[in-house]
Amino acid sequence: MTMIEIRDAQAGDEAAWRDLWAAYLAFYGVEIADEISDATWARALDAGSRLGLRLALAGGQVLGFAAHHWHLSTWTLGPDGYLEDLYVAEAARGQGIGRALIEDLMALGRRRGWARLYWMTERANETARRLYDSIATDDGHIRYRMVLQREPAARG
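Being a predicted model, the structure only gives us computed values, none of them experimental.

Caption draft 1: A look at the environment of Leu-45. Structurally, Leu-45 can be placed in helix α2 (residues 34–45). Discounting chain neighbours no more than four positions away, the residues touching Leu-45 are Ala-9, Gln-10 and Ala-11.

Written as C-alpha cells, this is what we have:
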C-alpha cells in the first residue's frame, strides 16, 4: 500500500479539490452553484473559519478529502466534531484512504477537545456504510432537514 499523507488543504490544492468535489457531487446526483463551491473553498482556507478541509495524498496526488467543522453541544462539555463530507477518488478506493481520513479527524478532535465525532450517509451507500460500521456505531437517529433560504441555482 502507498504511504498516505493527510494534511490541511492549501491554496495550491484548489484544482485537485475541485475535481474531487465535482465527482462527489456527481456521486450524489446534485448540482450546486459555483458560488457555493467558491465559498466552501474560501472557508476551508480561512484560519478563522470553523470549516476545515483535510486532504489525503499519495505520491503527491490528492486522492480524497474530509470537510469538517465543530459546534457546541447541549449534551457534552466539549464541542462535537461533524464530518460533513468525505470522498475518495473512485480509482483510489479500497486502499484505506477513507479510514485514514476518519482516523485523522479522530486524532484532530482529541487534540482540539471534541467530545464526539459524528457523520451521516445515505442508507443506500453500502460501500461507505461498511467502512463506517467498522469504525463507529449507528446511533439510530434519522435526519430531518428543511430549506429556510433558497441558495443560488447551479449554472450550466
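On we go from here.
Caption draft 2: Spatial organisation of the side chain of Asp-80. Position of Asp-80 among the secondary structure elements: in strand β4 (residues 80–88). Given the relative accessible area of 4%, Asp-80 is considered buried. Other than its neighbours up to four places away in sequence, Asp-80 contacts His-69, Trp-70, His-71, Ser-73, Ala-115, Arg-116 and Tyr-118.

Caption draft 3: Region of the structure containing the pattern of salt bridges. Under the counting rule described, the total for this entry stands at seven salt bridges. The partner of Arg-7 in a salt bridge is Glu-5, and the shortest N-O contact between them spans 3.7 Å. The class of Arg-7 is buried, set by a relative accessible area of 17%. Across the pair Arg-18 and Asp-38 runs a salt bridge whose closest N-O atoms are separated by 2.7 Å. With a gap of 20 residues between them, Arg-18 in helix α1 (residues 14–27) and Asp-38 in helix α2 connect regions that are remote in the sequence. Assessed through its relative accessible area of 26%, Arg-18 is described here as partly exposed. Looking at Asp-38, the relative accessible area reads 39%, which means it is partly exposed. Here the residues in one salt-bridge network are Glu-5, Arg-7 and Asp-13, joined through shared partners.

Caption draft 4: Just the packing of aromatic side chains, in detail. All told, the structure shown has 12 aromatic pairs when counted by the stated rule. Look at Trp-17 and Trp-21: their rings are 5.2 Å apart centre to centre, the planes differ by 20 degrees, and that puts the pair in the stacked class. Residue Trp-17 and its partner Trp-21 are both found in helix α1; the two are separated by four residues, about one turn of the helix. Trp-21 shares its class with Trp-17; the two are buried. Ring geometry for Trp-17 against Phe-65: centres 6.5 Å apart, planes inclined by 65 degrees, an arrangement best described as edge-to-face. Separated by 48 residues along the polypeptide, Trp-17 in helix α1 and Phe-65 in strand β3 (residues 61–71) bring together distant segments of the chain. By the ring-pair criterion, three or more aromatic residues cluster together here, those being Trp-17, Trp-21, Tyr-24, Phe-27, Tyr-28, Trp-41, Phe-65 and Tyr-87. The ring of Trp-70 carries the charged tip of Arg-50 above its face, separated from the ring centre by 3.9 Å.

Caption draft 5: Molecular detail of the layout of surface pockets. In this structure, the second largest pocket spans a volume of roughly 220 Å³. Residue lining of the second largest pocket: 16 residues in total, with Ala-44, Ser-49, Leu-51, Gly-52 and Arg-112 positioned closest to the centre. Elements with a contribution of two residues or more to the lining of the second largest pocket: α2, β2 (52–58) and β3. Of all the elements, β3 adds the most residues to the lining of the second largest pocket, at three residues. Of the residues in the lining of the second largest pocket, the class split is eight nonpolar, four polar and four charged.

Cut-off values and rules
- Residues numbered from 1 in each chain as written.
- Predicted model: local features only at pLDDT ≥ 70, side-chain atom pairs only at ≥ 80, totals over all residues.
- Heavy atoms only, no water.
- Helix = DSSP H or I, 4+ residues; strand = E, 2+ residues; numbered from the N terminus.
- Contact = heavy atoms within 4.5 Å.
- Buried < 20%, exposed > 50% of the residue type's maximum accessible area, 1.4 Å probe, protein only.
- Salt bridge = Lys/Arg side-chain N within 4 Å of Asp/Glu carboxyl O.
- Phe/Tyr/Trp six-rings, centres within 6.5 Å; stacked < 30°, edge-to-face > 60°.
- Lys NZ or Arg CZ within 6 Å of the ring centre and 35° of its normal.
- 1 Å grid on protein atoms, 1.4 Å probe; cavity = no way out; pocket = protein on both sides within 12 Å on 5 of 7 lines; lining within 4 Å.
- Points joined across faces, edges and corners; volume = space filled by probe spheres on them.
- Nonpolar A, V, L, I, M, F, W, Y, C, P; charged D, E, K, R; others polar.

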